[in-house]
Amino acid sequence: MNFENIIVDKSDGLAIVTVNRPKKLNALNKATIEELHTAFDSLNIDNTIKVIILTGSGDKAFVAGADIAEFAHFDVKQGGELAAKGQELLFNFIENLSTPVIAAINGFALGGGLELAMACHFRIASDNAKMGLPEVSLGVIPGYGGTQRLPQLVGKGKAMELIMTAGMISAEEALQSRLINHVTTQEELLPLAKKLSEKIMKNSSVAIAAAINAINASYTDGVDGYDVEIGEFGNCFGTEDFKEGTTAFLEKRKPNFPGK
Ligand code: COA
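Residues numbered from 1 in each chain as written. Predicted model: local features only at pLDDT ≥ 70, side-chain atom pairs only at ≥ 80, totals over all residues. Heavy atoms only, no water.

*Asks:* Whenever I open this one, the sheet that holds strand S7 (residues 122-126) confuses me. Can you help?
*Replies:* The strands that make up a sheet are held in pairs by hydrogen bonds between backbone atoms, and each pair lies either parallel or antiparallel. Judged by pairing direction, the sheet is mixed, and its 6 strands sit side by side in the order S1-S2-S3-S5-S7-S10 without closing on themselves. At either margin of the open sheet sits one strand with a lone partner, and together these are strand S1 (6-11) and strand S10 (182-184). Here the strands of the sheet are splayed against their neighbours by 20° on average, with no regard to which way each runs. Of the pairings in the sheet, the one linking strand S2 (residues 14-19) to strand S3 (residues 51-56) comprises 6 bridges and is parallel in character. Bridge pairing in S3 links Thr18 to Thr55. (Pairing = 2+ DSSP bridges. Helix = DSSP H or I, 4+ residues; strand = E, 2+ residues; numbered from the N terminus. Axes fitted to C-alpha atoms, helices over the stretch in contact; angles between N-to-C directions.)

As structure tokens, then:
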């Protein structure tokens, strides 16, 4: 895969996707969104890849938002299309990926950058990271799912405050607010993401995909998450991974999941 705005590194079942526009603090322009879509799509169907880590290049920013220069002249129709296309291609797409995606937030995660991190399955951050949804300071609102996912993670009141004040919070505050799961130093951020990935990789990738689907179901309108859980639970009994997992337990050995 050859990209201009992102870097994809694959090794030992892990893919690290790095948004690579450091001069623009990794701001998400149209081309970057399209490249991220292509990369995530192909990594998701690659059976050798068990976990994806998403991060930003440089030591200053994860992603400093949607590329303001690109949409500053848009009209109402173009604005709506920008949000719809971005949500479809990237944000909803990542959230519903069957391969786990961890956001490793290495600096500013603002606007579309925080929305991107929130679309990942969970988030960790370095202690220099700053997070916020500053869109109302530009006269718009979050358009890549931020008004929906922020309240899911931090609760409605905190989300209202963060969005209305357009303020930034530190990694420590983000941890307290449950926006992220762990804080570490910049040097230890990728090692921690890899350590978590290794723990995930030991488990059944088929069962993990089913769990992602069931968890996401509770946030999908008109879908009963309990029903989805029952369906996914039942399906697990037909997988090779289930046979291997239960047999290994009974034989008192570690499972070697085929991922089927
Ligand atoms: N879109 C487009 N370009 C961006 C950008 C964005 N969201 N965020 C940063 N950049 C660009 C800057 O324009 C600048 O480019 P230039 O060198 O060609 O002028 C470069 O990245 C470096 O940013 P700069 O503002 O000089 O860095 P800083 O350290 O002074 O400030 C931030 C860092 C993150 C506080 C500041 O860049 C910022 O507020 N960015 C916008 C955040 C935002 O509102 N995001 C939501 C968008 S919906």
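Having seen it, we continue.
*Asks:* Help me out: how do you make sense of a nonpolar patch on the surface in this one?
*Replies:* A surface patch of nonpolar side chains, about 240 Å² in accessible area, is lined by Ile68, Leu138 and Val140. Positionally, Val140 belongs in the loop between strand S8 (130-132) and helix H5 (146-154). For Val140, a relative accessible area of 36% gives the class partly exposed. (Patch = residues over 30% accessible without salt bridge, like charges linked within 9 Å, V, L, I, M, F, W, Y side chains within 5 Å. Areas by Shrake-Rupley, 256 points an atom, 1.4 Å probe, with all protein chains shown as cover. Salt bridge = Lys/Arg side-chain N within 4 Å of Asp/Glu carboxyl O. Buried < 20%, exposed > 50% of the residue type's maximum accessible area, 1.4 Å probe, protein only.)

*Asks:* How should the site of the ligand be read in this particular structure?
*Replies:* Every one of the 16 residues lining the ligand counts as a neighbour, but Lys24, Lys60, Ala64, Ala66 and Ile68 are closest to it. Within the backbone of Lys23, an N or O atom sits 3.4 Å from an oxygen atom of the ligand. The backbone of Ala64 places a nitrogen or oxygen atom 3.0 Å from a nitrogen atom of the ligand. In the complex, the protein chains occlude 60% of the 860 Å² of accessible area that the ligand would expose alone. (Near = heavy atom within 4 Å. Polar contact = N/O pair within 3.5 Å; in protein donor to acceptor, adjacent residues only side chain to side chain.)

*Asks:* How should the pattern of salt bridges be read in this particular structure?
*Replies:* Two side chains bearing opposite charge may form a pair once their charged atoms approach each other closely. This structure, assessed with the given rule, holds 7 salt bridges. With a closest N to O distance of 3.1 Å, Asp67 and Arg21 form a salt bridge. In this pair, Asp67 is assigned in the loop between strand S4 (61-63) and helix H2 (68-71) and Arg21 in the loop between S2 and helix H1 (30-45), connecting sequence segments 46 residues apart. You'll find Asp67 and Arg21 in the same group, each marked buried. Taking the shortest distance from any N to any O, the salt bridge between Arg253 and Glu244 comes out at 2.8 Å. Assessed through its relative accessible area of 16%, Glu244 is described here as buried. Shared partners join several salt bridges into a network, and the residues in it are Glu244, Glu251 and Arg253.

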